[in-house]
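Now for the letters of each chain:
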Amino acid sequence: MLGANQYGKAECRLVRVTRDADPARPGYHEITDLNVTSQLRGDFVTCHTEGDNSQVVATDTQKNTVYAFAQEFGVGAPEDFLLRLGRHFVGGFEWVSGGRFEAEQYAWKRIGVDGVPHDHAFVRAGTETRTTVVQFDGEEAFVVSGLKDCVVLKSTGSEFHGFPRDRYTTLVETDDRILATSVTAWWRYTELGLDYDALFTGIRELLLSTFAGLHSLALQQTIFAMGKAVLEAYPMVGEVKLSCPNKHHFLVDLSPFGQENPNEVFYAADRPYGLIQATIEREGAPAEPRAWATIPGFA
Ligand SMILES: O=c1[nH]c(=O)c2[nH]c(=O)[nH]c2[nH]1
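These notes cover the structure that comes with them. (Residues numbered from 1 in each chain as written. Predicted model: local features only at pLDDT ≥ 70, side-chain atom pairs only at ≥ 80, totals over all residues. Heavy atoms only, no water.)

### Overview of the side chain of His29
Rules: Every helix listed is a DSSP run of H or I at least four residues long, and every strand listed is a run of E at least two residues long, numbered separately from the N terminus. Residue burial is assigned from relative accessible area. The probe radius is 1.4 Å, only protein chains are included, and a residue is buried under 20% of its type maximum, exposed over 50%, and partly exposed in between. Pairs of residues are marked as contacts when any of their non-hydrogen atoms sit within 4.5 Å.
Within the secondary structure, His29 sits in the loop between strand E1 (7-18) and strand E2 (30-42). A relative accessible area of 14% places His29 in the buried class. Not counting residues within four places of it along the chain, the set of residues in contact with His29 comprises Val17, Thr18, Arg19, Ala21, Arg110, Asp119, His120 and Phe122.

### Describing the site of the ligand
Condition: One heavy atom within 4 Å of a molecule or strand is enough for the residue carrying it to be called near that molecule or strand. We call two N or O atoms a polar contact when they sit within 3.5 Å, provided that within protein one can donate a hydrogen and the other can accept it, with sequence-adjacent residues counted only if both atoms are side-chain atoms. Each accessible area value is a Shrake-Rupley result obtained with a 1.4 Å probe; residue values ignore everything except the protein chains displayed when judging cover. Under the grouping applied here, Gly and all other residues not named as nonpolar or charged are polar, the nonpolar ones being Ala, Val, Leu, Ile, Met, Phe, Trp, Tyr, Cys and Pro and the charged ones Asp, Glu, Lys and Arg.
Within the structure, the ligand sits among Phe160, Leu171, Arg177, Ala218, Leu219, Gln220 and Asn246. Measuring from an oxygen atom of the ligand, one finds a side-chain N or O atom of Arg177 at 2.8 Å. Within the backbone of Leu219, one N or O atom sits 2.7 Å away from an oxygen atom of the ligand. In isolation the ligand offers 290 Å² of accessible surface; the protein chains occlude 71% of this area. In the shell around the ligand, the residues fall into four nonpolar, two polar and one charged.

### A few points about the packing of aromatic side chains
To be explicit about the condition: Two aromatic rings, drawn from Phe, Tyr or Trp (for Trp, its six-membered ring), form a pair once their centres lie within 6.5 Å of each other, and the interplanar angle then sorts them: stacked below 30 degrees, edge-to-face above 60, tilted otherwise. Consider the ring centre and the ring normal. A charge sits over the ring if Lys NZ or Arg CZ is within 6 Å of that centre and within 35 degrees of that normal.
If you walk through the whole model with that rule in mind, you get ten aromatic pairs. Considering the side-chain rings of Tyr7 and Phe44, the 4.9 Å spacing of their centres and the 80 degrees angle between planes classify their relative orientation as edge-to-face. With Tyr7 in strand E1 and Phe44 in the loop between E2 and helix H1 (45-50), this pair connects stretches of sequence that are 37 residues apart. There is no split in this pair, since Tyr7 and Phe44 are both buried. Aromatic pair Phe89 and Phe101: ring centres 6.3 Å apart, planes at 5 degrees, arrangement stacked. Residue Phe89 is found in helix H3 (residues 78-92), and its partner Phe101 is found in strand E3 (residues 96-113); the two are separated by twelve residues along the sequence. The exposure class assigned to Phe89 is buried, which follows from its relative accessible area of 1%. Among the aromatic residues, those joined into a ring-pair cluster are Phe89, Phe93, Trp95, Phe101 and Phe136. The ring of Trp108 has Arg124 lying over it, and the distance from NZ or CZ to the ring centre is 5.9 Å. The ring of Phe211 is capped by Lys154, whose NZ or CZ atom sits 5.9 Å from the centre of that ring.

### Considerations on unusual backbone geometry
Between Arg271 and the following residue, Pro272, the backbone shows a cis peptide bond with an omega angle of -5 degrees. Within the fold, Pro272 resides in the loop between strand E9 (266-268) and strand E10 (274-281). Even without glycine at this site, Asp149 takes up a positive phi of about 55 degrees.

What follows is the structure in structure tokens.
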């Protein structure tokens, strides 16, 4: 018997140019760069068991809808774009009872020419990506937003000591180390109709300022503080998940060269790395009963 299933078009790369972004400045463009995945859930049993495609909204159609909606409605916040897409499929086809719609958004900055931001020339703003997953269960929608590949480092204000020692422990205790990670964060909204762009900006800033400001005794403590700060400042967020590799920086032993190394020269190792993950939940908040409506990534 057929179990859980979903299908759609993955990674529709969409760049939307808004040519009339500022009516006072002809030729001043804005761009939105997304990677959109659309997947439908519903009654697709006979397609799987008999090859009956009479209810199969083709993945090609799903892809076309992404581009057509970008033209007709613009993109706006990726959360709003995905909500519109999901409502279209769930509302438009009786047997489509839900779906999962995902977007990554890549950031671009204007190129400065003689110090002036160019009207229509852009440079990719690093590797950091804004992420969104919108899921539908009937008309009910669940929005999870986040970011990934946001690489941060602090060159002091981090210690790690007091851990148990056994016959395999070699790590030296430290009261001053580099703390570096690549933040992947997800936060689940418990309301709809929000200003998702403003929330993204505010939550991202709060995550980063908490990373910077907390004197850290462990990366675990840092990520808990980051999630807690978001829950305290944003009542519409029910849960935050963080996944953070500990990007180790090892002090180089310069004594063979007769040199001191007072915490200044480090070897940036890329693997293995500690992998620190946590869910920070609002106390007393009802757990989301649909496992799939919580954030993907880890248990
Ligand atoms: O912040 C850290 N948490 C750990 O669990 C850990 N383990 C380790 O070797 N170094 C670190 N650092």
